[in-house]
Structure formats: C-alpha cells, structure tokens
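# Structural characterization, general
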Amino acid sequence: MATKPVRVTVWNEFRHEKSHDYVRKVYPKGIHEAIAEGLRQAGGFKVRTATLDEPEHGLTDAVLKDTDVITWWGHMAHGDVRDEIVAKVARRVREGMGLIVLHSGHYSKIFRTLMGTTCSLKWREADERELVWNVAPGHPITEGVGECIDLEKQEMYGEPFRIPEPDQQIFISWFEGGNVFRSGCCYNRGAGRVFYFSPGHESYPIFKNLQIRRVIANACRWAGTGVNVPDECPNEVKPRAVVKPKK
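So, here's what we can say about the structure.

Criteria and cut-off values
- Residues numbered from 1 in each chain as written.
- Predicted model: local features only at pLDDT ≥ 70, side-chain atom pairs only at ≥ 80, totals over all residues.
- Heavy atoms only, no water.
- Core = buried A, V, L, I, M, F, W, Y, C linked by side-chain atoms within 4.5 Å.
- Buried < 20%, exposed > 50% of the residue type's maximum accessible area, 1.4 Å probe, protein only.
- Helix = DSSP H or I, 4+ residues; strand = E, 2+ residues; numbered from the N terminus.
- Salt bridge = Lys/Arg side-chain N within 4 Å of Asp/Glu carboxyl O.
- Lys, Arg positive; Asp, Glu negative; His and termini not counted.
- Polar contact = N/O pair within 3.5 Å; in protein donor to acceptor, adjacent residues only side chain to side chain.
- Contact = heavy atoms within 4.5 Å.
- 1 Å grid on protein atoms, 1.4 Å probe; cavity = no way out; pocket = protein on both sides within 12 Å on 5 of 7 lines; lining within 4 Å.
- Points joined across faces, edges and corners; volume = space filled by probe spheres on them.
- Nonpolar A, V, L, I, M, F, W, Y, C, P; charged D, E, K, R; others polar.
- Expected span 1.5 Å × (residues − 1).

## Regarding the nonpolar core
Grouped together as the largest cluster of nonpolar side chains are 38 residues, with contacts concentrated most on Leu39, Ile141, Phe171, Phe195, Phe197 and Phe207. Top contributing element to this core by residue count: helix H7 (residues 210-223), with 8 residues. Residues Ile110, Met156, Tyr157 and Ile163 belong to the second largest nonpolar core, which totals 33 residues.

## Structural notes on the pattern of salt bridges
Under the criterion given, the structure shown has 20 salt bridges. In this structure, the salt-bridge partner of Asp66 is Lys46, at a minimum N-O distance of 3.7 Å. Here the residue Asp66 occupies a position in the loop between helix H4 (61-65) and strand E3 (69-73), and Lys46 occupies one in strand E2 (residues 45-51), the gap between them amounting to 20 residues. Assessed through its relative accessible area of 22%, Asp66 is described here as partly exposed. We note a salt bridge from Glu159 to Arg182, for which the minimum N-O separation is 3.0 Å. Pair noted here: Glu159 is in the loop between strand E6 (148-158) and strand E7 (168-175) and Arg182 is in strand E8 (residues 180-189), with a separation of 23 residues, a long-range link. For Glu159, a relative accessible area of 22% translates into the label partly exposed.

## Observations concerning the side chain of Glu130
By the element assignment, Glu130 lies in strand E5 (residues 122-134). For the buried Glu130, which has no salt bridge, the nearest side chain bearing the opposite charge is Arg129, at an N-O separation of 10 Å. Within the structure, the side chain of Glu130 is placed 2.6 Å from the side chain of Ser173, a separation counted as a polar contact. Leave out the neighbours within four places in its chain, and Glu130 touches Ile149, Asp150, Leu151, Gln154, Ser173, Trp174, Phe175, Ser183, Ser198 and Pro199.

## Thoughts on the layout of surface pockets
By volume, the largest pocket amounts to about 200 Å³. If you go around the largest pocket, the residues you meet are His75, His78, Ser104, His106, Tyr107, Ser120, Leu121, Trp123, Glu125, Glu155 and Tyr157. Of the residues belonging to the lining of the largest pocket, the class tally is 4 nonpolar, 5 polar and 2 charged.

## Topic: the environment of Asn209
You can see Asn209 is positioned in the loop between strand E9 (192-197) and H7. Along the sequence, Asn209 and Glu130 sit 79 residues apart, while their C-alpha atoms lie 13 Å from each other. Setting aside anything within four residues of it in sequence, one finds Asn209 in contact with Ile149 and Leu151. At a separation of 3.0 Å, a polar atom in the side chain of Asn209 contacts the main-chain amide nitrogen of Ile212.

## Thoughts on empty space enclosed by the protein
Taken as a whole and assessed by the stated rule, the structure comprises 1 cavity of 30 Å³ or more. Taken as a whole, the largest cavity encloses approximately 50 Å³ of empty space. Surrounding the largest cavity, Ile35, Gly38, Leu39, Phe207, Ile212, Arg213, Ile216 and Ala217 form its lining. Looking at the lining of the largest cavity, the elements that each hand over two or more residues are helix H3 (31-42) and H7. Sorting elements by how many residues they give to the lining of the largest cavity places H7 first, with 4 residues. Looking at the lining of the largest cavity residue by residue, the class counts come to 6 nonpolar, 1 polar and 1 charged.

## Things to note about H3
The end-to-end C-alpha distance of H3 is 17 Å, a good match for the 16 Å that 12 residues give at a rise of 1.5 Å each. Buried within H3 we find Ile31, His32, Ala34, Ile35, Ala36, Gly38 and Leu39. Those residues of H3 that are buried lie in contact with strand E1 (6-12), helix H1 (16-19), E2, E3, strand E4 (98-102) and H7. In the segment just after H3, Gly43 is the residue with positive phi, at about 85°.

## Points about unusual backbone geometry
The omega angle of the peptide bond from Glu159 to Pro160 is 5°, so this bond is cis rather than trans. Among the structural elements, Pro160 can be located in the loop between E6 and E7. At Phe14, a position not held by glycine, the phi torsion is positive, near 60°. Mapped onto the elements of the fold, Phe14 is located in the loop between E1 and H1. In this structure, His57 takes a positive phi of about 55° despite not being glycine. Structurally, His57 is set in the loop between E2 and H4.

Have a look at this one:
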C-alpha cells in the first residue's frame, strides 16, 4: 500500500530577502524556497510555501487543515505576526499538527506561546565555525545524518537558552568562540510534536547544506504524524450506560 505524502507548509517571514542584498544573493528565491527544494528532493512530501505578507500570512483555515507539519523561519518581523493567526497555529499543533522551528524562530510568537517561556539566548555574529553534535543517534530525526554537522560559518547561539527542559535533546552545538548551545530540541504539545533546530542564519547558505536538509526532512516525517485530536471540551449530557455487577 502506498504511503501518503507528508503535507508540509514551509512558512517564512520573507523580509530579509526583499530588503538586504546580501541575503538575496544567498537566497534569491527566498529562504522558504530553499527549504522547500530540499524537501521536494528528499521525496515523500507534498510541499507548499507561505509568507508573512500574504493574506492571513498564508495560513488560512483551509491551509492549516491541509497541513501535517509547518516549518517556521522568522527574524526581523516577529511582532508583525497577528495574534489570532498564532492562536490558530498553536491550536492545530495541540490537535496533532507538527511544528519545526528554525534558527531565529526561537523568538517567534508561536514558539514562545507553545514553550511558555521567553526563549531568549546569547548570540554573536562573528563568522564562527559551528559543530552540531548528534547526541541522539537512534532518533528518527538524526537518521543518516552522521555524528556531526560541520558548518564553516554561522551566527553563534549560546547558553543560557530560556526554554523548558526538552523532552529529548537531539543536537548540541559547539562554536569556535567557546560557547555551547542546545541546538536541536524535541517537545510534545498536546497531540502535536515540536522540533527546534538552530542552524540557519540568513547570511549563510545553511539551508543548501545536504546534512541540514536531511535533518529538516527527517524532522518533518517525525512531526507530521497525521494525528488529529480536536481541541474541544464537549458537554456529555447523558451518562453512559452502567452495567451493574451481578449479586
């Protein structure tokens, strides 16, 4: 029996690419198209993209209903994301939709809403080498990735990272400046799965890296379970029949 493709919506702020030439040079079609390209090449996905400046940020009820997992990249315009859209996405995650939060998406409204913390961290832009160590080699997200992802240049993210204790730690990064960071974290929220993955600064071609693309594809398969548990609180008026024990 053929396996149904995982339905992925790749969401991107899509502001840096319009306003910064150096970002446009790295991602001429937008960060979302680079991520979508990797998923299409991996196979097994039905991919659409959505961006901040589309009506309802591209996340209409129909889109969310037709989505198993969302990847989320944002940075300079977190505050422009409407609260009612955040609430809809959060509800869908709790009902079973997966969420993959990438890089500066740690400070997005949706991630902070689901984490319940500030999600703040240390950071530094210094073209530093990053080693992303695989600390969960048996996890589906790390399948085929290898023991380490070596990124020549990256923005440093460092501890303390103000997040809840992850349900499972997948990656830990070291930067040449001496900082370390919990760069891959798994959570369960209601019926949904959430994965935060930190590599992906807009200045560097991180989302063209084959290992990074493998992680994102694996994460989408892991989080896109297709579960749908409606978030409701029904009033059961009539009690269920009770079978009385025989005397």
